[in-house]
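# Tertiary structure, described
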Amino acid sequence: METGRCPVSGPKKSPLTPKAIIHQRFGTKACYKVEEVQEVVQNGCPGLVIPQKGPCLYRCSLQLPEFSVVSEVFRRKKDAEQSAAEKAIQKLGIQPKEDNFSVEQAWDELAGRLSYLFSIEFLPAIHPLSGHFRAALAREGHLNGFIPVAAIAAFDAKINSLCKFISSEIESNHLLVMSLIIEAAKRLADTLLFSEEKLSLKRLTPHPPEIIQSLLKNEPNFPESISIEAVRIPFSTEKTVESVILNAASGNYYLDVIAKELGVKDASKVLISRTIGKASSETRLYFCAPESITLGLSSELYMKQASSFKGYVNTTATYLSGQEICGDAILVSVGYTWKSTDLFYEDLSLRAYYRILANKIPSGIYKLSREAILVAELPTAFTTRSNWRGSFPRDILCTFCRQHRLSEPVFSSDSIEPLADLPGRKRLRDTASGGNETNEGGLAATAVAQEGCTLVYRCTVKIYSKCQDLILLCSPKESYKKQTDAIHNAALKVLSWLDRFLGKVDMSEEEITSSAKGFDILIYPQQFVKEFSSCQFFPKYQWSSATLAGSFLCPSYSNVQINTLEDESSSGMTPSGGCLVCVTYKIYLSTERDCIKEHLEGSEEFEFEIGSGAVSPVLEAVVTQMSVDQSACFTMELPSKEIVLAVAHDSANVLSLLSSGTCLMKCEVTLLRVTVPLEDRMEQALFSPPLSKQRVEYALQHIRESCAASLVDFGCGSGSLLESLLAYHTSLEKIVGVDISQRALARAAKILHSKLNGNIEAEQPTNRIKSAILYEGSILACDSRLCGYDIATCLEVIEHMEEHDACLFGDIVLSSFCPKILIVSTPNYEYNVILQKSTPQYQEEDPDEKSQQQSCKFRNHDHKFEWTRQQFCQWASELALRHNYDVEFSGVGGEPNKEPGFASQIAVFRRKDSSPVKADFTEHYNVIWELSSSNNSRS
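Here we summarise the structure given alongside this text. These numbers come from a predicted model, not from an experiment. (Residues numbered from 1 in each chain as written. Predicted model: local features only at pLDDT ≥ 70, side-chain atom pairs only at ≥ 80, totals over all residues. Heavy atoms only, no water.)

### Here's the deal with the overall build of the chain
Rules: Put simply, DSSP marks the helices as runs of H or I at least four residues long and the strands as runs of E at least two long, and each gets a number from the N terminus on. Per-residue accessibility, obtained with a 1.4 Å probe over protein chains only, is compared with the maximum for each type, and a residue is labelled buried under 20%, exposed over 50%, and partly exposed between these values. Note on definitions: a residue-residue contact is assigned when non-hydrogen atoms from the two residues lie within 4.5 Å. In short, Shrake-Rupley with a 1.4 Å probe defines the accessible areas, and a residue's cover is counted only from the protein chains shown.
Counting secondary structure elements, the chain contains 28 helices and 31 strands. Burial analysis of the chain (939 residues in total) assigns 50% to the buried set. Considering only residue pairs separated by 6 or more positions, the chain has 71% of its internal contacts joining residues 24 or more positions apart. For the chain, the exposed area adds up to about 44,200 Å²; of that, 49% sits on carbon and sulfur atoms.

What follows is the structure, encoded as structure tokens:
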């Protein structure tokens, strides 16, 4: 992508949906009924009479006074409803038209709308604004009958829509909307009275007494006093957010009650934000209007007024609403709705307030979807649908866009053929598969592979502003076997970068653009900064775990006590990378002697995948040391007060404990069960010892034979190979691991540190290791510190890379690193049919796999390819020939002279040239952890 210049416009958006048109015509008389349609799919087994359940589909019937229609079948309920409405429109012969008023027409419509709002017909209507008109009739004295202009601007959507035709600047401008309403009211001077002092409007001709009496009779009987819990957000950052109680007596106008709490005389001096959170919510911010205010149509006039109040800008409230808010603000959930004439209200606690803040960032949205703010983290990778817990990345991104008032994200998925020009791969026939664009998280039609060729998918994500300016484009390079995986992984990339951006919103445009490139994201800086300008006010406490390497290597927990549960014996199964674990946990605040305990968060069954980053490093580090049926108790680092209050059910008690300065945060966890990955289950069903151990023993044999003193493990992950080597007597003196995952390296560091330090302190080493280093970096990058090692390993790694990257790795390692021996292992695709037939559990995996038309699937969801023996042999032989190496082939699991060969195929490369290797390139890796026998470990 050569430039970041923004296109002129984004996708067109119709002003009214079919459902909206039907609602305009029929209102509540239109009745939608959605039913689930069960689709029976082919089970692929002739003679099997058990029906196989397909995906959930929906059909909608729409009943109108004159006729009914039935929609087609859709995957989503709302699509079925829109389809039914569209059919009804066609049957009625309605031609949907776009409102495209001129400015003068908009003024006429605005005046007409005001005239209707103040009419007798509107007074008894069920509308969010009609309740204010009825309440105004009960106001006493000179305020009787006056409606605050701010209420009209906030609670009538039609008014706001018409104002947008007159001025495009009203989206975040409270006062400009009010100015337009007042100007339109002047056209109705014979029927409406405007009070500049009260910033309110009133009918010149009072409503007939009988109308008022009729309304009062139908008003619901409220209790004498209503207490509503709300939150005061001070504009001064030196003051704390606090809970307040609004006491509304029967018959009082609730806006007057809020005005009193804000310290002004009546509702006319109160401004109202748009809704906070869900669009259907009545949660809004209420704040004071400037003391001296002159309303006019001039945008310049507004800017001059606003600039004089910059010192009073409420940064937190501004961030929440996306509108500039000055002075103290009250956040409360109260108002009239479309559902009833009754006043709706609900308590809004400090806990709810901080959860609203959390719902503005990707990691917070994910945490809330799991109801686990203290332990859940936005995962670093989307592995499989069956292992993912909580809201899916696509849905989280849609929620994020709605929270920040952006258009729904657009996902464009392309089906492509795997590379045909790689060693051993036959050229695939061309397939007709263009890009399919979907929005609102929808899926495009799945492409069909021809002649057994399995297509792979890539997905791009576009995010537009409400004005349809493109602000972000993500084009990941990775491809996936399933379209849903491509979509979710692309969405997760965007979410991960947005999380990083919101953690440091004061970045310059250059820094924003540069950091986004690392996530395959192109930013359109001017539009992006404009849309996220209010994020500069984002509260500075950290909702997600720190991303620095040091934070992973020194996880913030202490005093770990692991015990086997009473009356039960430990199964001995310890979770490792890729395992799906289930724990029960409880987190609480306590004093140092546990005299007082205040429960914060917990779950009877909480599942997560080890190694996916789905939980805090602290919890994962403890759980990976446990066996099934064991429990542990440990002390965690106390997070910020705001995060604790987001989970506290009793904020008063929690604040008291926190203010004491002596409280601790403790976690009790029990490991209930461990589900090992499918690949491990398949291997365990056939091989003893497991293939992973057989690969270690194979590498160990070559280490002993070659008397190697130094070893580097490319793609070391959590250090399973390096850890295993420590249990044997070898000639190795220096071991090095390289991986791109900080989290995996953190686990490796913890394990190696524990074992190597234990040996050194005991002065009875079981091996000769003097030095161990872990590097963070891509194995496709060169680093002179790793040149000329005696032996290099790359076990079951290359299949997790794109195929062309795997080929590139072979060239880089033999031409630049030049180890004396290189051992590469990778799955033998031909053996999969035996593994899969031997594993009954294989049938219960991801249901999406059932739709794949391939005779034998890959062993792991993350494998980008798997080679046959011929393909692997050709790749290794050509590689050795290019770089002056000898190569020999072997494997583990299976027999060499019996079909289909080894389960895991291995190539051993030996350098022919024994001369010293010259390193003339730079260092690209970061040292994550290092230990030597003469120095303590450092990170």
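After presenting the structure, the write-up continues.
### Some remarks on the nonpolar core
Soluble, globular proteins show a tendency: their nonpolar side chains are buried together. Note the following rule: For the purposes of this section, nonpolar cores are sets of buried Ala, Val, Leu, Ile, Met, Phe, Trp, Tyr and Cys residues that join through side-chain atoms within 4.5 Å.
Counting residues in hydrophobic clusters, the biggest one holds 166 residues, and the most contacted among them are Y286, W497 and V669. The element that contributes the greatest number of residues to this core is helix α15 (residues 483-503), accounting for 11 residues. If sequence neighbours within four positions are ignored, W497 has contacts with L472, I512, S515, A516, F519, I521, I523 and F528. Counting residues in hydrophobic clusters, the runner-up holds 39 residues, among them F687, A772, V892 and I906.

### What about the pattern of salt bridges?
Stated precisely, the cut-off is as follows: When a carboxyl oxygen of Asp or Glu lies within 4 Å of a side-chain nitrogen of Lys or Arg, that pair is called a salt bridge.
Counted according to the given criterion, the structure contains 34 salt bridges. Note that E377 is salt-bridged to K367, the shortest N-O span being 3.7 Å. Note that E377 is positioned in the loop between α13 (362-370) and α14 (393-403) and K367 in helix α13, a separation of 10 residues in sequence. With respect to class, E377 is no different from K367; both count as buried. A salt bridge links D783 to R785, with the nearest nitrogen and oxygen atoms 2.8 Å apart. When salt bridges with common partners are traced through the structure, they connect R389, E605, E607 and R673 into a single cluster.

### So, empty space enclosed by the protein
The cut-off we apply is this: Think of a 1 Å grid over just the protein atoms. A cavity is a set of points where a 1.4 Å probe fits yet cannot get out, a pocket is an open set with protein on both sides within 12 Å along at least five of seven lines, and lining residues have an atom within 4 Å of a point. Grid points are joined across faces, edges and corners, and a volume is the space filled by probe spheres set on the points. When residue character is reported, Ala, Val, Leu, Ile, Met, Phe, Trp, Tyr, Cys and Pro are called nonpolar, Asp, Glu, Lys and Arg charged, and the others, Gly included, polar.
By the definition in use, this model includes 3 cavities of 30 Å³ or more. Elements represented by at least two residues in the lining of the second largest cavity include exactly α13 and β20 (597-609). The dominant element in the lining of the second largest cavity, judged by the number of residues it contributes, is β20, at 3 residues. Looking at side-chain class alone, the lining of the second largest cavity contains 6 nonpolar, 3 polar and 4 charged residues.

### Examining the pairing of strand β23 (residues 710-714)
As a reminder of what qualifies: A pair of strands counts as paired when DSSP detects no fewer than two bridges linking them. By convention, orient the strands away from the viewer: a clockwise path from the first strand over the helix to the second makes the crossover right-handed.
A large share of β23 lies buried, amounting to 5 of its 5 residues. On β23, burial covers both faces: S710, V712 and F714 on one face and L711 and D713 on the other are all buried. Relative to strand β24 (residues 734-739), β23 runs parallel, the two sharing 5 bridges. Note on β24: the bridge partner recorded for D713 is G737. With respect to chirality, the unit in which β23 leads through helix α24 (residues 720-725) into the neighbouring parallel β24 is right-handed. Bridge count for β23 against strand β26 (residues 791-795) is 3 bridges, and the pairing is parallel. Bridging from a neighbouring strand, L711 pairs with I791 of β26.

### Some points on the side chain of T793
For the record, the criterion: Distance and chemistry together define a polar contact, namely a pair of N or O atoms within 3.5 Å, with one atom able to donate a hydrogen and the other to accept it when in protein, and with adjacent residues in sequence counting only for side-chain atoms on both sides.
Along the chain, T793 turns up in strand β26. A distance of 2.8 Å separates polar atoms of two side chains, one belonging to T793 and the other to D713. With sequence-adjacent residues up to four places away left out, T793 is seen in contact with L711, V712, D713, F714, L721 and I823.

### So, the environment of P476
Note that P476 resides in the loop between β16 (470-474) and α15. C-alpha separation for the pair P476 and C459, spaced 17 residues apart in sequence, amounts to 6.9 Å. Those residues within four positions of P476 in sequence are excluded, and the remaining contacts are R458, C459, T460, A490, K493 and D520.

### Digging into helix α1 (residues 18-26)
Under the convention used in this document: Directions drawn from the helix axis to the C-beta atoms are what define this arc.
For α1, the set of buried residues is I21, I22 and F26. Projected down its long axis, α1 shows its buried positions confined to an angular sector of 110°, all on one face. α1 presents H23 and Q24 as exposed residues on the side facing more than 90 degrees away from its buried surface. Looking at the residues trailing α1, positive phi occurs at G27, about 60°.

### Here's the deal with the packing of aromatic side chains
The condition is simple: Two rings from Phe, Tyr or Trp (for Trp, the six-membered ring) form a pair when their centres sit within 6.5 Å of each other. Planes less than 30 degrees apart are called stacked, planes more than 60 degrees apart edge-to-face, and all others tilted. Here, a charge over a ring is recorded when the distance from Lys NZ or Arg CZ to the ring centre is within 6 Å and its angle to the ring normal is within 35 degrees.
Taken as a whole and assessed by the stated rule, the structure comprises 29 aromatic pairs. Ring centres 5.2 Å apart and planes at 45° place the aromatic pair F714 and F817 in the tilted group. Taken together, the residues span a long stretch of sequence, with F714 in strand β23 and F817 in helix α26 (residues 803-817) at a distance of 103 residues. Three or more aromatic residues link up through ring pairs in this structure, and these residues are F865, W867, F872, W875, F889 and F909. A cation over a ring is seen here: K19 above Y32, with NZ or CZ 4.9 Å from the ring centre. Lying across the ring of Y319, K360 places its NZ or CZ 5.1 Å from the centre.

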